[in-house]
Structures are given as structure tokens and as C-alpha cells.
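Observations on the three-dimensional arrangement
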Amino acid sequence: MYTIAVINQKGGVGKTVTSVNLATALKHKGHDPLVIDYDPQMNATDWLMGREATDDDATIFDSLATWDGDATDEWSFANVLRTSESVGIDFIPSDRRMAAASFDSVIGRSPVFPQQFRCRVQEFRTAEVQRNSSSTMKHDYCLVDCPPSLGRSIATALAGADGIIVPIHADRFSMRGVSQLQDTIKR
């Protein structure tokens, strides 16, 4: 599973639209994508689930905050994954706790920060291969819809990504954001 972080610190440049539409296009081409909503605004979650996540929904925050290396735990990606009834795409919802204050106070203070996301992706890959009894995985792409930020949540998303897509508008503010993102990636 090739994991792509769809990222730009600037808001309103089309990260969610890119994530969901690219996943839909991949699905139509015969691939089986997974979308992870990493943004506390929950737009990808709302789009794919038809509503925002509630306190009763298992989300990416639960999975990251509870990572302890046990792939069978109740908060593994496999256990928080849902399938969109409208487009048939698997996704992991987000919730408001992915906002900086909650993220930093729980996930950002973990002794394994920023590796939680990378470790969850790796255990998900391993579990998919074991479930399929072969060397293939069900999901061949994972698109991570990132928030407009360069904070700690982005550090974890980048640690788990194999590549990035940076949607931009053709204006100086978007270009400035790309320059700042390049600095963050280099660190």
C-alpha cells in the first residue's frame, strides 16, 4: 500500500477534494484506495460518511492515541475503518480531537512520537497480507487528507507517508506555503 499525504499548510487549496476525488478515480480504475481523514475539520469524513464523526465513532485519533504495538487492539486501523455507502471507498474518519491542542497534549507527548502513524500503517499492511493469505494487500493506495498546518500532526503524517501531493492555487500565498512545507520536510 503506497501512502500519500495530501498536504499544504494553506487552507482552501483543495486537499480534501484531491484526496476524495483521486480515491474515487483510483476506484474506477480498478484500484482499492483507502482515505484517512487527518483533519479535525472532518470534511473527508463528512463527504464519505455523510456526517461528521461523533463521540461514539472510532476515529484516527483513537487509533493514534492508543498505539502500543499490538496489532490486534480495538483501535487498529482495521477496526476503525469504514466503507462509504455512497462511493464504496474505505476510509478512516477524523474527529475534532485531531485539532492541535488535543493532538499535542495526547499524541504529541507520547514517547513514540512521531512514529505512531507510521507504525499503524505498517501494522495495517501486515494485517492485510495475513488476512489475504498471500503477499498482496486489499488496499493498494492510502490517501491522507491532512489539515492546513505544519504542526505535530503533520510530522506524524509525513513519518508514515511514502510520498506527498501538494495541491496549490496559482498565487503567492500558496507558493509561500510550498516553500515552508519544503523546509518542514527537510527537517
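For the structure, see preceding data.
Worth saying up front: this structure is predicted, and the values here are computed from it rather than measured.

About the cut-offs
Every chain's residues receive numbers from 1 upward, in the order its sequence appears when written. A pLDDT threshold of at least 70 governs which residues receive local features in this predicted model, and a stricter bar of 80 or more applies before side-chain atom pairs are shown or counted, although totals over entire chains, interfaces and linings include all residues. Side-chain metrics rest on all non-hydrogen atoms present in the structure, leaving aside hydrogens and water. Numbering of helices and strands runs from the N terminus, with a helix taken as a DSSP run of H or I at least four residues long and a strand as a DSSP run of E at least two residues long. Only one rule defines a salt bridge in this text: a Lys or Arg side-chain nitrogen within 4 Å of an Asp or Glu carboxyl oxygen. Expected helix span is computed as 1.5 Å times (number of residues minus one). Note on classification: 1.4 Å probe, protein chains only; a residue is buried when its accessible area is under 20% of the maximum for its type, exposed when over 50%, partly exposed between these limits. This arc corresponds to the set of directions leading from the helix axis out to the C-beta atoms. Residues grouped as a nonpolar core are buried Ala, Val, Leu, Ile, Met, Phe, Trp, Tyr and Cys residues, joined through side-chain atoms within 4.5 Å. Polar contact criterion, stated in full: a pair of N or O atoms within 3.5 Å, where within protein one must be able to donate a hydrogen and the other to accept it, and residues adjacent in sequence count only if both atoms are side-chain atoms. Any two residues whose heavy atoms approach within 4.5 Å are treated as being in contact. Only strands that DSSP links by at least two bridges are regarded as paired with each other. Axis lines are fitted through C-alpha atoms, for helices just across the contact stretch, and the angle between N-to-C directions can take any value from 0 to 180 degrees. For any helix crossing, the convention is left-handed if the near helix is rotated counterclockwise from the far helix by under a right angle, and right-handed if that rotation is clockwise. Residue classes follow a fixed rule: Ala, Val, Leu, Ile, Met, Phe, Trp, Tyr, Cys and Pro count as nonpolar, while Asp, Glu, Lys and Arg count as charged, and any other residue, Gly among them, counts as polar.

1. Digging into the environment of Arg 176
Within the fold, Arg 176 resides in helix α8 (residues 172-186). Separated by 166 residues in the primary sequence, Arg 176 and Lys 10 place their C-alpha atoms 9.1 Å from one another.

2. Points about the pattern of salt bridges
What the rule picks out here adds up to 10 salt bridges. Across the pair Arg 96 and Glu 52 runs a salt bridge whose closest N-O atoms are separated by 2.6 Å. Taken together, the residues Arg 96 in the loop between β4 (90-92) and α5 (100-106) and Glu 52 in the loop between α2 (43-49) and α3 (60-65) connect sequence positions 44 residues apart. Between Arg 125 and Asp 162 there is a salt bridge, and its shortest N-O distance comes to 2.7 Å. Here Arg 125, found in helix α6 (residues 116-131), pairs with Asp 162, found in the loop between α7 (152-160) and β6 (163-165); they are 37 residues apart in sequence, far enough to count as distant.

3. Observations regarding helix α1 (residues 15-28)
Compared with an ideal rise of 1.5 Å per residue, which puts 14 residues at 20 Å, α1 spans 20 Å between its outermost C-alpha atoms and is within 8% of the ideal. Those residues of α1 that sit buried are Lys 15, Thr 16, Ser 19, Val 20, Ala 23, Thr 24 and Leu 26. Buried positions in α1, seen along its axis, are confined to an arc of 165° and lie on one side of it.

4. Some thoughts on the nonpolar core
General note: in soluble globular proteins, nonpolar side chains tend to be found buried as a group. Judged by nonpolar contacts, the single largest core of 27 residues is most densely connected at Ile 36, Tyr 38, Ile 60, Leu 64, Phe 77 and Phe 117. Contributing elements (two or more residues each) for this core: β2 (33-37), α3, α4 (77-80), α6, β5 (141-145) and α7. Counting residues in each nonpolar core, the second largest holds 13 residues, with Ile 4, Val 20, Ile 89 and Phe 91 among its members.

5. Some details on the side chain of Asp 57
Within the secondary structure, Asp 57 sits in the loop between α2 and α3. Here Arg 82 takes part through its side chain, which lies 2.7 Å from a polar atom of the side chain of Asp 57. Once residues within four sequence positions are removed from consideration, Asp 57 is found in contact with Met 49, Arg 51, Glu 52, Asp 62 and Arg 82.

6. Examining the sheet that holds β2
Sheet strands pair by backbone hydrogen bonding; their relative direction is either parallel or antiparallel. Reading across the sheet, the 6 strands line up as β3-β4-β2-β5-β1-β6 and stay open at both edges, with mixed pairing between neighbours. Only two strands of the sheet have a single neighbouring strand rather than two, namely β3 (82-83) and β6. When strand β1 (residues 2-6) meets β6, the two strands line up parallel, connected through 3 bridges. By the bridge assignment, Ile 4 is partnered in β6 with Gly 163.

7. Concerning the pairing of β2
Among the 5 residues that make up β2, 5 are buried, leaving the element largely enclosed by the rest of the structure. Burial along β2 is two-sided: Pro 33, Val 35 and Asp 37 facing one way and Leu 34 and Ile 36 facing the other are all buried. Here 5 bridges tie β2 to β5, and the two strands are oriented parallel to one another. Looking at the pairing, Val 35 lines up with Leu 143 of β5.

8. Digging into the environment of Lys 27
Tracing the sequence through the fold places Lys 27 in helix α1. A relative accessible area of 32% means that Lys 27 is categorised as partly exposed. Residues Lys 27 and Tyr 141, spaced 114 residues apart in sequence, show a C-alpha to C-alpha distance of 9.9 Å. Aside from chain neighbours lying at most four places away, what touches Lys 27 is Asp 32, Pro 33, Gly 88 and Ile 89. Among the polar contacts listed, one links the side chain of Lys 27 to the backbone oxygen of Gly 88, at a separation of 3.3 Å.

9. Examining the packing of α6 against α7
Helix packing for two helices is described by the angle between their axes and how far apart those axes are. At a closest axis distance of 7 Å, the pairing of α6 and α7 adopts a crossing angle of 35°. When you trace α6 past α7, the crossing you get is right-handed. In this structure, α6 contributes Gln 116, Phe 117, Arg 118 and Val 121 to the contact, and α7 contributes Thr 156, Ala 157, Ala 159 and Gly 160. Its residues placed into classes, the contact of α6 with α7 shows 4 nonpolar, 3 polar and 1 charged.

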